[in-house]
Amino acid sequence: MEEMIIAILRSATPLIYVTLAGVIAQRAGIWHLGLEGLMIVGACSTILGIVLTGSVFYALLLACLFCILGSIIFWFVVEKLKANQIIAGLGLTGLGLGGTTLAVEAIFGTPAAVNAKFGLPKIGYVFGDIFGAFNGLSILVLLMPFVVFGMWLLICRTRLGLQITASGEHPFAARSVGVNPSRMRFIALMIGGVLCALGGAELAAGSLQIFAQNMTAGRGFMSFAAVIFGASHPIGAMLAASFFAIVGALGIRAQLVFGDDVPHDLLLGLPYIATIFGIWLSAKLRGGAKAVSGFDELRD
Amino acid sequence: MVKSDNNIFECNNITVSFGSVHALQNVSVAFERGKIHAVVGQNGAGKTTFARVVAGLIQPSTGKILVNNKQMLGGDVKQARAAGVELVHQSFALPPSFTVAEAMQFGASNGKIYSRRGLEKFWQKHLDNLGVNVKSKQKIKDLPVETLQAVEIARALISDAKFLILDEPTAVLSPETTDKLFERVRQLKQSGVTIILVLHKLKEVLKIADTVTVLRGGKLVQSPISCENIDVKKLSAMIIGENASQNLANSNRAAPSVAIKPDTALDIKQLSTIKDVEGAALTDVNLTIAAGEIVGVAGIEGNGQRTLVRAIADMVGIKSGEIYLNDQNMTQMSHLERRSNGLRIIPFERNVEGLSLSSPLWENWSIRNYLQRPIFSLIKPKEDRKACNTNLKKWNVHYSNVDQLAGSLSGGNAQKVILSREMDDEAKLIIAAQPTRGLDIGATDFVWKSLRKARDNGCGILFISSDLDELFDISDRVIVFLSGQLVGEFMPPFDIKKIGAAMIEADL
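Residues numbered from 1 in each chain as written. Chains lettered and ligands numbered in written order. Predicted model: local features only at pLDDT ≥ 70, side-chain atom pairs only at ≥ 80, totals over all residues. Heavy atoms only, no water.

Details of the overall build of chain B
Phase 1 of the analysis: A tally of regular secondary structure across chain B gives 18 helices and 20 strands.
Phase 2 of the analysis: Whereas a compact globule of 508 residues would reach a radius of gyration of roughly 23 Å, chain B reaches 24 Å, a difference of no more than 12%.
Phase 3 of the analysis: For chain B, the spread of C-alpha atoms along the three principal axes comes to 70 × 55 × 50 Å.
Phase 4 of the analysis: Within chain B, the proportion of its 508 residues that are buried is 56%.
Phase 5 of the analysis: When contacts within chain B are restricted to residue pairs at least 6 apart in sequence, those whose partners lie at least 24 apart make up 66%.
Phase 6 of the analysis: Approximately 22500 Å² of chain B is accessible, and the part contributed by carbon and sulfur atoms is 51%.
Phase 7 of the analysis: If the 61 positive side-chain charges of chain B are averaged to one point and the 55 negative ones to another, these points end up 5 Å apart. (Helix = DSSP H or I, 4+ residues; strand = E, 2+ residues; numbered from the N terminus. Rg over C-alpha atoms; globule rule 2.2 N^0.38 Å. Buried < 20%, exposed > 50% of the residue type's maximum accessible area, 1.4 Å probe, protein only. Contact = heavy atoms within 4.5 Å. Areas by Shrake-Rupley, 256 points an atom, 1.4 Å probe, with all protein chains shown as cover. Lys, Arg positive; Asp, Glu negative; His and termini not counted. Charge placed at Lys NZ, Arg CZ, Asp CG, Glu CD.)

Some points on the sheet that holds strand E11 (residues 264–273) of chain B
All names here are of chain B.
Phase 1 of the analysis: Across the sheet, which stays open at both edges, the four strands sit in the order E12-E11-E14-E15 with antiparallel pairing between neighbours. Either end of the sheet is taken by a strand with one partner, and the two such strands are strand E12 (285–290) and strand E15 (328–329).
Phase 2 of the analysis: Across six bridges, E11 lies against strand E14 (residues 318–325) in antiparallel orientation. Its bridge partner lying in E14, Thr 273 is registered against Ile 318.
Phase 3 of the analysis: The strands touched by helix H10 (residues 305–312) are E11, E12 and E14; relative to E11, the strand with the most contacts, the crossing angle is about 110°. (Pairing = 2+ DSSP bridges. Axes fitted to C-alpha atoms, helices over the stretch in contact; angles between N-to-C directions.)

Focus: the interface of chain B and chain A
Phase 1 of the analysis: On the side of chain A, 24 residues touch chain B, which itself brings 43 residues to the contact.
Phase 2 of the analysis: For the pairing of chain B and chain A, the buried interface totals around 2900 Å² over both sides, and the portion due to carbon and sulfur atoms is 57%.
Phase 3 of the analysis: Counting the contacts that link chain B with chain A gives zero salt bridges.
Phase 4 of the analysis: Taken together, chain B and chain A are joined by seven residue pairs in polar contact (both at pLDDT 80 or more).
Phase 5 of the analysis: Looking at the side of chain B that touches chain A, the elements that each hand over two or more residues are helix H1 (47–55), helix H2 (77–82) and helix H3 (100–106) of chain B.
Phase 6 of the analysis: Top element by residues in the side of chain B that touches chain A is H1(B). It accounts for four residues.
Phase 7 of the analysis: Grouping the amino acids of the side of chain B that touches chain A by side-chain chemistry returns 16 nonpolar, 19 polar and eight charged. (Buried area = accessible area lost by both parts, 1.4 Å probe. Salt bridge = Lys/Arg side-chain N within 4 Å of Asp/Glu carboxyl O. Polar contact = N/O pair within 3.5 Å; in protein donor to acceptor, adjacent residues only side chain to side chain. Nonpolar A, V, L, I, M, F, W, Y, C, P; charged D, E, K, R; others polar.)

Considerations on the environment of A:Ile40
Phase 1 of the analysis: Residue placement: A:Ile40 occurs in helix H2 (residues 35–53).
Phase 2 of the analysis: Other than its neighbours up to four places away in sequence, A:Ile40 contacts A:Gly96, A:Leu97, A:Thr100, A:Phe211, A:Asn214, A:Met215 and A:Thr216.

Quick word on H10(B)
All names here are of chain B.
Phase 1 of the analysis: The buried fraction of H10 amounts to eight of the eight residues, a majority that puts the element mostly inside the structure.
Phase 2 of the analysis: Listed as buried for H10 are Gln 305, Arg 306, Thr 307, Leu 308, Val 309, Arg 310, Ala 311 and Ile 312.
Phase 3 of the analysis: Looking at the residues trailing H10, positive phi occurs at Asp 314, about 60°.

Structural notes on the packing of aromatic side chains
Residue and element names in this part refer to chain B.
Phase 1 of the analysis: Under the criterion given, the structure shown has 16 aromatic pairs over all chains.
Phase 2 of the analysis: Seen in terms of ring centroids, Phe 9 and Phe 50 are 6.5 Å apart; in terms of plane orientation they differ by 85°. Their pairing is edge-to-face. One end of the pair, Phe 9, is in strand E1 (residues 7–18); the other, Phe 50, is in helix H1, with 41 residues separating them in the sequence.
Phase 3 of the analysis: In this structure Phe 9 comes out as buried when scored by relative accessible area, which is 1%.
Phase 4 of the analysis: Using a relative accessible area of 5% as the deciding quantity, one classes Phe 50 as buried.
Phase 5 of the analysis: Taking the centre distance of 5.7 Å and the plane angle of 85° together, the rings of Phe 98 and Phe 106 count as edge-to-face.
Phase 6 of the analysis: Looking at Arg 373, its charged tip hangs above the ring of Tyr 370, at a distance of 4.7 Å from the centre. (Phe/Tyr/Trp six-rings, centres within 6.5 Å; stacked < 30°, edge-to-face > 60°. Lys NZ or Arg CZ within 6 Å of the ring centre and 35° of its normal.)

Considerations on helix H13 (residues 361–371) of chain B
Phase 1 of the analysis: Turning to H13(B), its buried residues are B:Leu361, B:Trp362, B:Asn364, B:Trp365, B:Ser366, B:Arg368 and B:Tyr370.
Phase 2 of the analysis: Those residues of H13(B) that are buried are in contact with helix H11 (335–340), strand E16 (343–346), helix H14 (381–394) and helix H15 (411–422) of chain B.

Points about the packing of helix H1 (residues 2–27) of chain A against helix H11 (residues 234–258) of chain A
Residue and element names in this part refer to chain A.
Phase 1 of the analysis: Contact geometry for H1 and H11: axes closest at 8 Å, N-to-C directions at 145°. Viewed along their axes, H1 and H11 form a crossing whose handedness is right-handed. Of the residues in H11, those touching H1 at Met 4, Ile 8, Ser 11, Ala 12, Leu 15, Ile 16, Thr 19, Leu 20 and Val 23 are Pro 234, Ala 237, Met 238, Ala 241, Ser 242, Phe 244, Ala 245, Ile 246, Ala 249, Leu 250 and Arg 253.
Phase 2 of the analysis: Classifying every residue of the contact of H1 with H11 gives 16 nonpolar, three polar and one charged. (Left-handed = near helix turned anticlockwise from the far one by under 90°.)

A look at unusual backbone geometry
All names here are of chain B.
Phase 1 of the analysis: The linkage connecting Pro 492 with the following residue, Pro 493, adopts the cis geometry, with an omega of 0°.
Phase 2 of the analysis: Among the structural elements, Pro 493 can be located in the loop between strand E20 (485–490) and helix H18 (496–504).
Phase 3 of the analysis: Even without being a glycine, Asn 69 presents a positive backbone phi close to 65°.
Phase 4 of the analysis: Here Asn 69 lies in the loop between strand E4 (62–67) and strand E5 (70–71).
Phase 5 of the analysis: A relative accessible area of 46% places Asn 69 in the partly exposed class.
Phase 6 of the analysis: Although it is not a glycine, Asn 396 adopts a positive phi angle of roughly 65°.
Phase 7 of the analysis: If you trace the backbone, Asn 396 turns up in the loop between H14 and H15.

Structure follows, in structure tokens:
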């Protein structure tokens, strides 16, 4: 059972970080389909940072930097150039997937996986032997519940959160009390950038110490699904992301139990099937996901 | 313009242009402290634009704004609010998923992290003080319009507002709630708030305002006029312009009902529906509308008027009973089949049900034709644009081209687009649900004329309105709904007392 929980925490943590990034963007009125791209940028720059600087701190800083840079581009394209969010988001994802491969090839001369000598510090290393079997998890796993709580406070219990939510739901209402929706979206995307960096870092350097092409394998999109499934509420989205992670862990367990009786690919696909099911369920419960009500009326 | 320290607000030569259209042109106004000022004009006269310029939502292209003798930047809501200027919007600017407490909080300036209960308690106190009957934990989307408005006003008052602008506050209210609003406005005046009311019902203006400012076509006609020295007739002449008002007066008297043809347009037999989302379920409703007859529906909102419309439109489940359109049983017909048989609807919410605001005019206009055709029939944009153009011209819609978005039209013009779409030659039964809500006198008169014309052409018309004067004016017969039942039927001359009594029993 302990092993199972550890496995779930490992796979859920990166998802949850990225999901929170999607939640705050969604609240601000942006369908953030660039999550996948930002996540892999975070993963890649963490590993490259460790390899090149030898410091986890600088590596994380580098990851945050690049993810914020990506978010600024995204914000500029969507808000200033008025591009379609979905297309721009997918573009950001493409940029992330291609850009990381290019970076690896440019630096090492080969697109092969990059190994780092060490990863993120483990809980046991930082706090001593107090968490028993969980000592082997990275500190970002330990940090995760606090970040979720912090995001909940920010979004659901502060005026900034209300202003961000209003900017997404009713931009005109926001404008009429003197809030600039575009600025709120900027803030939301920057916070999201940092969260994506952490998610990517945990994925690549949490339990592994490796970056490989395409290693996010759709986790960014799964996070986006968790945003919708979780009703863009930080807690709900965390639960949704955990649910996907649990299904994934069960899939791996089932492979061990059933062996060749059940097709291997089907079990690997379980999280994705769960995603579809989750979206269907949330639509059933709450009605379909709402689009941004960006129609600013300015008329008599 | 009067220069005086007693003016809380002054603006000099304000011009606002959207593209090549001047929404406001060289408007200079001054408002005196502590009074109720009305701003009137037709739809498209620039009233809302004016209100938004004052509130800092729109940056004027030229001109100067002074609040309390302090010059404003223009286009800066924060600065305007800091100076005590608050705007209550016509279509309320409150995010629907918020609770009342959250909606109050997000525009306020106090507090860092709050607890839900603390927040609700805090704002509940504020709401109670203002006498707003609402629980602060209720969601915005669950509130009726009059409460929404009260909440917006309450929110405008949180930050010590000195200058409150209400943009067409009565457009969404029933007569009873309008009186309550006016009571509240008078109280605010007592407590020293200066109020601007953007209005278009002149009776209301004279009832409440101290001064009135008239705009026409984005230009100032006259301001401020003391309300003691003016009557409805003079005022409407100013609003419409001298010549036009002559025509209006004549047309109001024209065309009494012409000989009624014996055919029935609509025959509803023993109709009962299941409970509807938009009001009471219907029970045992019997209603006949002859061709060439206007039947007015009276009743306090939520007593089944909407359900009746939705039942006729096949949008609510029918438990028992039958609906005949032109002697044809359409109980089992789909909405589209009913439309093919001559049913036309001018819906309650013109911006939600009536038009797709983000689509161009020609699409909005030609959609009805396509709905009645086979599903694979080709769309012919060129022909539709042309047909739309000729028709909208015929209906006197003011627009620049058929590709402009429906959302860019003013209320009256938007309604005319719906009229021109729904009142074609093949219409047999027209349901006109609150067709004049939010329209000015000119546009209202136009709607009335159109309905009368359709009636004279042999259409049956079901006319729903919460304005009894209007109802009595144009109906050949008035029926009253109460809790989903038809409780009264009245012939002219209409007795307001009897009809009122039939409506009010709802509260007993």
